[in-house]
Protein chains: 2
Amino acid sequence: MQTWRRTFVTSAPRLNASALSRCRPITRRCAQILEASKADGPCSLEDQEIKVNGFVRSVRKQKRFAFAEISDGSTIEPVQAILKPSQAAELSTGAAIEISGIWKACPPGKEQTHELQATEVNIVGNANPETYPIQKKYHSPDFLRQIPHLRIRTPFQSLLARFRSECLFQLGCVFHSRPEGPFTQVQPPIITSSDCEGAGETFTLLPRGGVTSSSGDAEHFFRTPKYLTVSSQLHLEAYAAELGNVWTLSPVFRAEKSDTPRHLSEFYMLEVEANFMNDIDTLTNLVEDLLRDLTRRLSTTSARWDRLMDGPRWHRLTYTRAIEMLQQAVAENGAVFEHSPTWEDGLQTEHEKYIVEVLHQGKPVFVTDYPTAIKPFYMAPSPCNNAESPGDTVACFDLLLPEVSEVAGGSLREHRLPNIIQKMREYGLIKRHVEGDSDMAARNEPRYPHLSPDEDLGHLEWYADLRRWGSAPHGGFGLGFDRFISYLSGVSSVRDVVAFPRYYGRADC
Amino acid sequence: MQTWRRTFVTSAPRLNASALSRCRPITRRCAQILEASKADGPCSLEDQEIKVNGFVRSVRKQKRFAFAEISDGSTIEPVQAILKPSQAAELSTGAAIEISGIWKACPPGKEQTHELQATEVNIVGNANPETYPIQKKYHSPDFLRQIPHLRIRTPFQSLLARFRSECLFQLGCVFHSRPEGPFTQVQPPIITSSDCEGAGETFTLLPRGGVTSSSGDAEHFFRTPKYLTVSSQLHLEAYAAELGNVWTLSPVFRAEKSDTPRHLSEFYMLEVEANFMNDIDTLTNLVEDLLRDLTRRLSTTSARWDRLMDGPRWHRLTYTRAIEMLQQAVAENGAVFEHSPTWEDGLQTEHEKYIVEVLHQGKPVFVTDYPTAIKPFYMAPSPCNNAESPGDTVACFDLLLPEVSEVAGGSLREHRLPNIIQKMREYGLIKRHVEGDSDMAARNEPRYPHLSPDEDLGHLEWYADLRRWGSAPHGGFGLGFDRFISYLSGVSSVRDVVAFPRYYGRADC
């Protein structure tokens, strides 16, 4: 079966220099070369002269031959090259080279099926092994995080970068081929006026020099203070009100000082918004559909993905039921938590982990209908605040996965104008003018429906406007894209999933 | 041929209420309905009951019937509905409705092939016509820019949003199916330390409250000052050094106060970087290839796109030649410019427009090899600074298109460590410590190759590092994505191409 591999070395066609110069070898990517060599049947490149532009991943010099692993970032597997000692004399790990040679089959028993018999080696950029930080040995994640610009040159980071790229491409395909018609991909603004989550953990924006302007006050390039977006949801609702189904993959920013392997100050969020959506089941079904489809398209056979792709519908349970189960676990099964689970306080990460890992055997779980008091103002009430819950709840969900816990969250949005205004009032988002305030001068009537004359919606008036004309029930969700990649790839810290991670105290390069 | 259209009204199947409740009509998107009705042969939906969730774009009430145009953002063409006057009584432009009915063929001569004979109309969200700003009439761009959250509901903005979405999807396909293997899509950081272009027009970042900290000094969340990226190029070079061919579509930010229809403070830039690239022709060929492929995939028959898709290879000319031609145009053809063209001062927009529109009959033009002095530090010298040029030039290009002028720019990068350091020195990017400076204490040797002991690369040391180990010739480019969409769609201001535009003095919503 593998006799085609036996034509080793001896049968190399003799190419003279002038023939070579007439037909310069075609430069090929390692991925193409190796794929062609793995296909059933004879390798189309066998005995041909090819050229690779890449890096020396390792070099082993022996008396009669030298062996080098060449990588060009197109695949994790290197191309093996066999060289004359003289050709390899100057080679060291990390050097950029152009190498031409004959692609020869190896005798059976060798790790690789083919190797490149070098005819010409050109060192384009040296790498001094005494100083080059990336060697072919174990480097700690912490060490590598300090040199993200070079960390990318490790095989694993290179693989992660290609994996992310494939995720991005397939994500586009998922939304483009939805059965109900394509979802529209939008690009909402990064610079915003509002802090959607109300957490106050935003970054403020100043034009350079603004801080040191003579008045000591910040000069406002955009007239009013602006922040980096913490979520595109509010803008997505504006798009969805026209386009129906929309999605975005946008960077979002949180000036959180939390120092955990699950948080970054800058990360990509996949956000989806759908108009004419009436119930939370439709929303969780959509999430499950999208993520199963994406995972299926990434077509790897990693067993860890089975929990996402295959098997029965993911679990759904209400928040109230989840709390009951956690309390029961404490009372009856001796579960120990740092924070004891109570209905009022929400779920801690330790609770989420217990729900997924212990109560649901490591399968994905949607927890729905959280208490109104611990969720943002824009969420719609659960359709029936039934006797089960000790207080008001909203029609929302968190999706919990093993290892990474919460990876997505979403809700139906309050779509009725009077109701959203009342919620904004309760959450302290409506500005109240006082007498003497210039904005109040001679105002007898409210300047907006459902407000009193001294009230002002400020920078959220446009958001209320979305409910003022032609508002329909709608909902959506956000998924921490980097965290999801961290789950899919089995990388425990999100700081190692992002090439140039930004977090409290750290933004190298 | 169109007899299948003749089965109008009379043949409507009688559906009783209980039958209806057993099989609720399937909700369909307008695009699907209209596409099915335009296909050759009988329409698969004809005489079926269907449901549309959408908005009233216009309504015309007559004595016996009412007619409404229903749109759901999936296509620019509305679905025509025919209603009883009682069903239409409350309808007004902008209202969100759920409408069910029978999809009936129209008699020949009507504008549309089919219309929806309404059986049930449910107003989900009213729109008061007295206050709703979007009516079925002409609104000036300036008026609409003040209400971007509602502007999206105009048919043209809705169409633009879908067009952008399709561009985004096809862009992914372009890079995924490159003949040399897929380009890796990367997500470089938005928060950076460096001002790549050296123009100083960056936005500075502060955690909220940082400005008002007691010391009066900004608290640095990331220890050192950070900015919003003005270009991802430097980071892309780090990726490309490992991955070979990379691309990104990332938001970039410029705190420019220029008030033109071609500039935004926040916009998306398509950036590409390729390792092992030796000459500017390879780069311009790549740009031309990518843009032709993208435009072809967008498969519209707009004549304006022919200049991109079809016809001979785009023009290339050197900057020096371009200046000569402009000067000749002034001397011999009476061309009049506000700024007279000189080799030292670069091209003004008026010059670029003349080069494209007059000198090249509105066809795309690459202008290459600009003077070194007017270009950033990282550009590599032109291979042969031949006698043609009065001074040093760099291996770079600008791509000029009709109407929008410069839409992309790129260069080969200086990839040799000593040379890039010398360039950084000349451009004042190297910090010089003075005696007594704590960083200088007891330093006798340079802390980096090719520096003197008092010099420091500061926040660009990582960028120099890319040349320190395994550096190969490479190059890349950036394309103003919004400006390119503005060209493709024929929209004269980029402020109308972006849903929520940000520019000096303006960042609504």
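Each value, and the rule that gives it
Residues numbered from 1 in each chain as written. Chains lettered and ligands numbered in written order. Predicted model: local features only at pLDDT ≥ 70, side-chain atom pairs only at ≥ 80, totals over all residues. Heavy atoms only, no water. Pairing = 2+ DSSP bridges. Helix = DSSP H or I, 4+ residues; strand = E, 2+ residues; numbered from the N terminus. Contact = heavy atoms within 4.5 Å. Axes fitted to C-alpha atoms, helices over the stretch in contact; angles between N-to-C directions. Buried < 20%, exposed > 50% of the residue type's maximum accessible area, 1.4 Å probe, protein only. Buried area = accessible area lost by both parts, 1.4 Å probe. Nonpolar A, V, L, I, M, F, W, Y, C, P; charged D, E, K, R; others polar. Least-squares fit on C-alpha atoms with pLDDT ≥ 70 in both. Salt bridge = Lys/Arg side-chain N within 4 Å of Asp/Glu carboxyl O. Expected span 1.5 Å × (residues − 1). Left-handed = near helix turned anticlockwise from the far one by under 90°.

Visitor: Requested: an account of the sheet that holds strand E14 (residues 365–368) of chain A, with residues and values cited.
Guide: All names here are of chain A. If you trace the eight strands from one edge of the open sheet to the other, you get E7-E11-E12-E19-E16-E15-E14-E13, paired in mixed fashion. In this open sheet, the two edge strands, each paired with only one partner strand, are strand E7 (184–185) and strand E13 (315–318). Here six bridges tie strand E15 (residues 396–401) to strand E16 (residues 405–413), and the two strands are oriented antiparallel to one another. By the bridge assignment for E16, Leu 399 is matched with Ala 408. Of the strands in this sheet, strand E11 (245–253), strand E12 (266–275), E15, E16 and strand E19 (474–480) touch helix H14 (residues 481–489), which is tilted by about 55 degrees from E19.

Visitor: Would you mind going over helix H14 (residues 481–489) of chain B in detail, with residue names and values included?
Guide: Residue and element names in this part refer to chain B. Counting buried positions along H14 gives eight out of nine residues, so the element sits mostly inside the fold. Within the sequence span of H14, burial applies to Phe 481, Asp 482, Arg 483, Phe 484, Ile 485, Ser 486, Tyr 487 and Leu 488. Looking one or two places after H14, you find Gly 490, whose phi comes out positive at around 70 degrees.

Visitor: I'd like to hear about the interface of chain A and chain B, residue by residue, with values.
Guide: The interface of chain A with chain B comprises 105 residues on the first partner and 105 residues on the second. In total, chain A and chain B occlude about 8900 Å² of area from one another, counting both sides; carbon and sulfur atoms represent 59% of this. The greatest single-element share of the side of chain A that touches chain B, amounting to 11 residues, is contributed by helix H6 (residues 155–176) of chain A. Grouping the constituent residues of the side of chain A that touches chain B by class yields 50 nonpolar, 34 polar and 21 charged. Where strand E9 (residues 203–207) of chain A and strand E9 (residues 203–207) of chain B come together, five bridges link them in antiparallel fashion. Pairing of A:Leu205 across the sheet is with B:Leu205, part of E9(B).

Visitor: Let's hear about the sheet that holds strand E14 (residues 365–368) of chain B: which residues, and what values?
Guide: Paired through their backbone hydrogen bonds, the strands of a sheet run either parallel or antiparallel. All names here are of chain B. The eight strands are arranged E7-E11-E12-E19-E16-E15-E14-E13 in an open sheet whose pairing can be described as mixed. Of all the strands in the sheet, the pair left with one neighbour each is strand E7 (184–185) and strand E13 (315–318). Direction of pairing for E7 relative to strand E11 (residues 245–253): parallel, over a ladder of two bridges. Directly across from Gln 185, in E11, lies its bridge partner Trp 247. Most of the contacts of helix H7 (residues 233–243) go to strand E12 (residues 266–275), to which it runs at about 30 degrees, and overall it touches E7, E11, E12, strand E16 (405–413) and strand E19 (474–480).

Visitor: Explain the relation of the copies chain A and chain B residue by residue, including any values.
Guide: You can overlay chain A on chain B at an RMSD of 0.0 Å; the transform is a turn of 180 degrees with a shift of 0.0 Å along its axis. Here the two chains are linked by the operation of a two-fold rotation axis. Closest approach to the rotation axis among the C-alpha atoms of chain A is made by A:Leu205, whose C-alpha sits 2.6 Å away. When the interface residues of chain A are mapped onto chain B, 100% of them again lie at the interface, so the same face is used by both copies.

Visitor: Give a description of the pairing of E19(B) that names residues and reports values.
Guide: All names here are of chain B. E19 sits mainly inside the fold: seven of its seven residues count as buried. As paired elements, E12 and E19 share seven bridges and run antiparallel to each other. Among the inter-strand pairings, Leu 270 is bridged to a residue of E19, identified as Leu 479. With six bridges joining them, E16 and E19 adopt antiparallel strand pairing. By the bridge assignment, Arg 413 is partnered in E19 with His 474.

Visitor: Tell me about the pattern of salt bridges, and name the residues and values.
Guide: Two side chains carrying opposite charge are able to pair once their charged atoms lie near each other. Residues and elements named next belong to chain A. Taken as a whole, this structure holds 52 salt bridges over all chains when the rule is applied. A salt bridge links Asp 496 to Arg 151; the nearest nitrogen and oxygen atoms lie 3.1 Å apart. Within this pair, whereas Asp 496 is found in the segment after H14, its partner Arg 151 is found in helix H5 (residues 148–151), the two being separated by 345 residues in sequence. Pair check on accessibility: Asp 496 and Arg 151 agree, each one buried. By sharing partners, the salt bridges in this structure join Asp 142, Arg 145, Arg 151 and Asp 496 into a single network.

Visitor: Could you give an account of helix H10 (residues 319–333) of chain A, with specific residues and numbers?
Guide: With 15 residues, H10(A) extends 20 Å between its outermost C-alpha atoms, agreeing within 8% with the 21 Å of an ideal straight helix rising 1.5 Å per residue. A:Gly334, located one to two residues past H10(A), shows a positive phi value of around 70 degrees.

Visitor: Break down the packing of helix H7 (residues 233–243) of chain A against helix H13 (residues 461–468) of chain A for me, citing the residues and quoting the values.
Guide: All names here are of chain A. Remark: H7 packs on H13, axes separated minimally by 10 Å, with the N-to-C direction vectors making an angle of 30 degrees. Crossing handedness for the pair H7 and H13: left-handed. Where H7 abuts H13, its residues Gln 233, Leu 234, His 235, Glu 237 and Ala 238 lie against Trp 462, Tyr 463, Leu 466 and Arg 467. The class makeup of the residues in the contact of H7 with H13 is five nonpolar, two polar and two charged.

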